[in-house]
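Observations on chain architecture
Each chain is listed here by its residues.
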Amino acid sequence: MIKLLVLDVDGCLSDGGLTYSSDGVESKTFNVKDGLGITTWIKLGHEVAIITGRKSEIVKRRAQELGIQNLYQGIKDKDRVIKEIIDSLGLHMYEVAAIGDDLNDYNMLSLVGRSFTPANGVKEIRSLVNTTLLSRGGEGAVREMIDIIVDENDQREAFLCVWTKG
């Protein structure tokens, strides 16, 4: 059973675009369906971690909004960090699913039990992962991944009950 989701940001939780205003303020767009899937996953008692190569106050804010407690920004060695998270949570690699879209995610994705990439992940990542999703990054790819894992974990009824029965 998958118990931990590890998420990349740019190209997975967002479309990978970087937008700056004339005064240098960065903006990103996140998909609300991804957010609802993440919060529901957490309400089921599971863990979520964000490991991203960039640092952004926007990502910190989004993680806080969603209740993600494991946030690692500015990380170049994602595989080292994922090993630390797994050790701290007392999990095994086969209990971890991760999503990534580019070469900096390669080592991390090669370690976990279940690996995903959005439809627009680079070819090297698409050839590595277990599942290439139908959705593009920032367009519900993380929710699609969560839906697949919920079904594989045989937790669809519990997932639905979070919102339909309180």
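Analysis parameters
- By convention here, each chain's residues receive numbers from 1 onward along its written sequence.
- Side-chain atom pairs in this predicted model are given and counted only at pLDDT of 80 or more, local residue features only at pLDDT of at least 70, and totals for whole chains, interfaces and linings cover all residues.
- Excluding hydrogens and water, the side-chain values take into account all heavy atoms of the structure.
- In DSSP terms, a helix is any run of H or I states spanning at least four residues, a strand is any run of E spanning at least two, and both are numbered starting from the N terminus.
- Radius of gyration means the value over C-alpha atoms here, while the globule rule gives 2.2 Å times the residue count to the 0.38 power.
- Working definition: with a 1.4 Å probe on protein chains only, accessible area under 20% of the residue-type maximum means buried, over 50% means exposed, and in between means partly exposed.
- Pairs of residues are marked as contacts when any of their non-hydrogen atoms sit within 4.5 Å.
- Put simply, a nonpolar core is a bunch of buried Ala, Val, Leu, Ile, Met, Phe, Trp, Tyr and Cys residues held in one set by side-chain atoms that sit within 4.5 Å of each other.
- In a helix, the anticipated span is given by 1.5 Å times the number of residues less one.
- Between N or O atoms, a polar contact is any pair within 3.5 Å; within protein, one atom must be a potential hydrogen donor and the other a potential acceptor, and residues adjacent in sequence are included only when both atoms are from side chains.

A word on the overall build of the protein chain. Regarding its fold elements, the protein chain presents seven helices and eight strands. Against the 2.2 N^0.38 benchmark of 15 Å for 166 residues, the protein chain shows a C-alpha radius of gyration of 15 Å, consistent with a compact globule. With the C-alpha coordinates of the protein chain rotated into their principal frame, the extents come out at 45 × 35 × 30 Å. Put simply, the protein chain has 166 residues, and 50% of those count as buried. Sequence separation of at least 24 residues holds for 54% of the intrachain contacts in the protein chain that already meet a minimum separation of 6.

Here we take up the nonpolar core. Counting 26 residues, the largest nonpolar core has Leu5, Leu7, Ile38 and Ile99 as its most contacted members. Those elements giving two or more residues to this core turn out to be strand 1 (4-7), helix 1 (32-43), strand 4 (47-51), helix 2 (57-66), strand 6 (96-99) and helix 6 (141-152). Among the elements that line this core, the one with the most residues is helix 6, at six residues. In this structure, Val6, Val81, Val96 and Leu109 belong to the second largest nonpolar core, which totals 17 residues.

Here the focus is helix 1. A rise of 1.5 Å per residue sets the reference length of helix 1, with its 12 residues, at 16 Å; its end C-alpha atoms lie 16 Å apart and thus fit the reference within 8%. Lining the buried residues of helix 1 we find strand 1, strand 4, helix 2, helix 6 and helix 7 (156-164). Put simply, Asn31 is the residue that caps the front of helix 1, since its side-chain oxygen is 2.7 Å from the backbone nitrogen of Lys33. The positive-phi residue at the C-terminal boundary of helix 1 is Gly45, with phi of around 95 degrees.

By secondary structure assignment, the location of Ser56 is in the loop between strand 4 and helix 2. A polar side-chain atom of Ser56 sits 3.1 Å from the main-chain amide nitrogen of Ile58. Apart from the residues within four sequence positions on either side, Ser56 is in contact with Glu26, Lys28 and Gln73.

Turning to its location among the elements, Arg62 is positioned in helix 2. Sequence-wise, Arg62 and Gly35 are 27 residues apart; in three dimensions their C-alpha atoms are separated by 8.8 Å. When neighbours within four sequence positions are excluded, Arg62 is seen to be in contact with Phe30, Asn31, Val32 and Gly35.

Despite not being glycine, Asp154 shows a phi value in the positive range, around 55 degrees. Looking at the secondary structure, you find Asp154 in the loop between helix 6 and helix 7. A residue is classified by how much of its surface remains accessible, and Asp154, at 70% relative accessible area, is exposed.

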